[in-house]
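What the coordinates show
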Amino acid sequence: YVKWPDMDAYIWEASKNFKQNPDKVLATPYGNGIFERMHMFMGFENSLVALVTEPEACKDFFNHMADYKIEIFNRMADIYDYDYVIYNDDWGTAKDTFFSVDTMKELLLEPTRRIFEAIHKRGVKVEFHNCGHIDRFIPYIIEELQPDMMEIQVLNDIKHIMSTYGDRVTVEYAPDPFFINDPDITRDQLKAYAREIVDQ
């Protein structure tokens, strides 16, 4: 059982003395998306089993969690003039997605879309952080969720995403940490690598 907090019990105005610099971008991490919240409550294996054995209960949880996150965002947006939000919900491993396309579409897509839509209604952009090899989810993420930016790993086909959807979304590209931190890599090699990323 999940006891949902009473939002009115918190003093949201306590941070109104925050001074925002209008010359700087203001973003907030909005971590632990609806799937991540579920496996934090239940454990990872139990959550994956529940997606298959109790899809309706999972759908109820995801929808309630979406409502909860939307209310938190709206209360925060009443105080802070955010430029964008970094929403995290990892849906894959290094090899593949945690669950099928059908499961994602039936259980996660609509509540996540409602969260993104609520953020966009306030004039705030969404960066979707989603770890793992999630290439097969990309068309649904971009067409249905419509994030403004994506923070995904380079094991996905970034070049294809940019060539296909680059007019609608951009990708925050992380360089290979093993390459850039290799003490044997020369300055010229690093420059060439950086240029290759930009060109691609």
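In short, a report on the structure. (Residues numbered from 1 in each chain as written. Predicted model: local features only at pLDDT ≥ 70, side-chain atom pairs only at ≥ 80, totals over all residues. Heavy atoms only, no water.)

For the chain, the helix and strand inventory stands at 8 helices and 5 strands. Along its sequence from the N terminus, the chain presents helices and strands in the succession β-α-α-α-β-α-β-α-β-α-β-α-α. Sequence separation of at least 24 residues holds for 65% of the intrachain contacts in the chain that already meet a minimum separation of 6. (Helix = DSSP H or I, 4+ residues; strand = E, 2+ residues; numbered from the N terminus. Contact = heavy atoms within 4.5 Å.)

Among the secondary structure elements, Arg37 is positioned in helix 1 (residues 34–42). Residue class for Arg37 comes out partly exposed when judged on its relative accessible area of 29%. Put simply, Arg37 and Lys16 are 21 residues apart on the chain and 28 Å apart in space, counted from C-alpha to C-alpha. Setting aside its immediate chain neighbours within four residues, Arg37 contacts Asn32, Phe61, Met65 and Lys69. (Buried < 20%, exposed > 50% of the residue type's maximum accessible area, 1.4 Å probe, protein only.)

Remark: helix 1 packs on helix 2 (residues 44–53), axes separated minimally by 7 Å, with the N-to-C direction vectors making an angle of 120°. Relative to helix 2, the element helix 1 lies oblique. As for how helix 1 packs across helix 2, the hand of that crossing is right-handed. Side by side, helix 1 and helix 2 meet where Phe35, Met38, His39 and Met42 of the first sit next to Phe44, Asn46, Ser47, Leu48, Ala50 and Leu51 of the second. (Axes fitted to C-alpha atoms, helices over the stretch in contact; angles between N-to-C directions. Parallel < 35°, antiparallel > 145°, perpendicular 65-115°, else oblique. Left-handed = near helix turned anticlockwise from the far one by under 90°.)

Another aspect to go through is the side chain of His129. You can see His129 is positioned in strand 3 (residues 125–129). What makes His129 buried here is its relative accessible area of 14%. In contact with His129, other than residues within four places in its own chain, are Ile86, Tyr87, Asn88, Asp89, Asp90 and Glu151.

Let us now look at helix 4 (residues 101–121). At Leu108, helix 4 shows its maximal bend, which comes to roughly 50°, and the proline Pro111 appears one to four places after that position. Buried within helix 4 we find Val101, Thr103, Met104, Leu107, Leu108, Leu109, Pro111, Thr112, Ile115, Phe116, Ala118 and Ile119. Backbone geometry just downstream of helix 4 places Gly123 in the positive-phi region, at approximately 75°. (Bend = angle between axes of the 7 residues up to and from the residue.)

Taken together, the 5 strands give an open sheet; going across it, the order is 1-2-3-4-5, and neighbouring strands pair in parallel fashion. With one partner strand each, in any of the chains shown, strand 1 (27–30) and strand 5 (170–172) form the two edges of the open sheet. The sheet shows a mean angle of 25° between the axes of neighbouring strands, taken without regard to direction. Across 4 bridges, the pairing between strand 1 and strand 2 (residues 84–88) is parallel. The residue of strand 2 that forms the bridge with Thr28 is Val85. (Pairing = 2+ DSSP bridges.)

Close approach of charged atoms lets side chains of opposite charge pair. All told, the structure shown has 9 salt bridges when counted by the stated rule. For Glu71, the salt bridge goes to Arg75, with nearest N and O atoms at 3.0 Å. Of this pair, Glu71 and Arg75 both sit in helix 3 (residues 55–77), 4 residues apart, which is roughly one turn of that helix. Classification of Glu71 as partly exposed rests on a relative accessible area of 34%. Between Asp167 and Arg168 there is a salt bridge; the shortest N-O distance is 3.9 Å. Among the charged side chains, a salt-bridge network with shared partners connects Asp8, Glu71 and Arg75. (Salt bridge = Lys/Arg side-chain N within 4 Å of Asp/Glu carboxyl O.)

It is worth spelling out unusual backbone geometry at this point. With a phi angle near 60°, Asn32 is a residue other than glycine that sits in the positive phi range. The residue Asn32 is located in the loop between strand 1 and helix 1 in this model. Classification of Asn32 as partly exposed rests on a relative accessible area of 27%. With phi around 55°, Gln146 is a residue other than glycine that occupies positive phi space. Considering the arrangement of structural elements, one finds Gln146 in the loop between helix 5 (138–145) and strand 4 (149–151).

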